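So the chains spell out like this:
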Amino acid sequence: MERQYKDSGNEWIGRIPETWKSTKLFNLCTIKGRIGWNGLRSDEFKEKSYAYLVTGQDFCSSEIDWSKCYQIDKERYDEDPFIQLDNGDILITKDGTIGKIAKVSNMDKRACLNSGIFVLKQRKETFVQNYLYWYLASPLLIDYNSYINSGGTTIMHLYQNVFERFPMLIPSIKEQKRIADYLDEKCGEIDSLIGIQEQMIEMLKAYKQSVITEAVTKGLNSNAKLVSSGIDWIGEIPEGWEIAQLKRFLTFQNGQDYKAIETKESEGFPVYGSGGVFAYAAKYMYNGESVLFGRKGTVNKPLYVNCCFWTVDTMYYTIPSEACNCKFMYYVATTLPYDKYSTSTALPSMTQSILGNLMITIPPIAEQQAIASYLDKKCSEIDKLIDVKQLKIEKLKDYKKSVIYEAVTGKINIES
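This structure is a prediction, so every number in the text was calculated from the model and none was measured.

(A) Fine view of the sheet that holds strand β17 (residues 250-254). Taken in spatial order, the seven strands line up as β17-β23-β21-β22-β19-β20-β18 in an open sheet, and their pairing is mixed. Of all the strands in the sheet, just β17 and β18 (263-264) have a single pairing partner and so form its edges. In terms of strand pairing, β18 meets strand β20 (residues 276-281) through two bridges, oriented antiparallel. Looking at β20, one finds that Thr263 is bridged to Ala281.

Okay, structure coming up:
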């Protein structure tokens, strides 16, 4: 018998099966989040204690990675019984990257929430936990939140009074189980395909780094005579190459706080941080080729710049000498052993002195230029392959969203 449909009353949902019911989320679940911490100190976050303290960073796929969670004492756990967790609860992030979801299961001790997460506890036996998980994982929640917030595309917060009115579609328990089982299998297959592409990207990145390291330490002539560099992480180098300190070729300069200058979203001079461009300034700090190094935070990802730019105070910019090819120096910079010399704190840092005193391999200037040109071409080829893999991942993610959406709105009839 052909399935009959009716109007759901919500434009982001469309038509739904005639036998399905519709309600609001608050009719099915209690929704709670942490409000304040009553002066919780950083030293109260412990490796081992009475209860787990769950954050969005502890979500691993659809589950919680309990081994990653900080823990707190019983006194802190007892402060708020509404956010104490039970197996069967659903967690969802409400700040920053909203809509990350995890099922609470396999708890081996008590647990509660940090801030930034809602816990959903079932009021009635009207839904299957796994069905609710997939329903919330569908595009419906983001579409609803965007619709309520005037169609905005960048939603940084999920408000409780909005979330609790989220429209829920309720098929029979039997059909919920069929939908959940179907999505477990189908999305598992898609995730496996995504995982293969991600693994290939990592292999390509590793290959790219090996190509760079080989070129800047061994050169392009495979028949060149090699001699010991005297430095363990460099190994042998071609005869005639120098070993010298980085500061001989690059003069380090501190970046500056950009907040005192006028900035715009998409015009002016780029402002560089460790992650790349994040603002545009009315002034520039330096004009020309430069290698940028992280001073705090991301210290192992140098950048190459060849334009007018500003750089922030958590980075160094450099002025290259005439004795080096700046692009070659950038490739050398990607191979340096930052982990060996940076501070091992929560916010790693590198001093000018440490960076400047690092030893590097230096061929004659003509050979530097040849190596830089070779690596430009080779790395571009590898980057294009990575882009192809990344595009496949995005298409698979879009396909996964459509599969979930069609299943939880009844657009497809999943037979038993």
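(B) Spatial organisation of the pairing of strand β23 (residues 315-320). Summarising the sheet, β17 and β23 pair through five bridges and their orientation is antiparallel. Among the inter-strand pairings, Thr251 is bridged to a residue of β23, identified as Ile319. Across two bridges, strand β21 (residues 286-294) lies against β23 in antiparallel orientation. Pairing of Phe293 across the sheet is with Tyr316, part of β23.

(C) A look at the pattern of salt bridges. Within this structure, the stated rule accounts for 18 salt bridges. We note a salt bridge from Asp73 to Lys46, for which the minimum N-O separation is 2.8 Å. One end of the pair, Asp73, is in the loop between β8 (70-72) and α1 (74-77); the other, Lys46, is in the loop between β4 (29-33) and β5 (51-54), with 27 residues separating them in the sequence. When its relative accessible area of 32% is taken as the criterion, Asp73 is described as partly exposed. Overall, Lys46 belongs to the partly exposed group, its relative accessible area being 28%. Linked by salt bridges that have partners in common, Arg41, Asp43, Glu44, Arg76 and Glu79 make up one network.

Rules behind the numbers
- Residues numbered from 1 in each chain as written.
- Predicted model: local features only at pLDDT ≥ 70, side-chain atom pairs only at ≥ 80, totals over all residues.
- Heavy atoms only, no water.
- Pairing = 2+ DSSP bridges.
- Helix = DSSP H or I, 4+ residues; strand = E, 2+ residues; numbered from the N terminus.
- Salt bridge = Lys/Arg side-chain N within 4 Å of Asp/Glu carboxyl O.
- Buried < 20%, exposed > 50% of the residue type's maximum accessible area, 1.4 Å probe, protein only.

These figures capture arrangement, not role.
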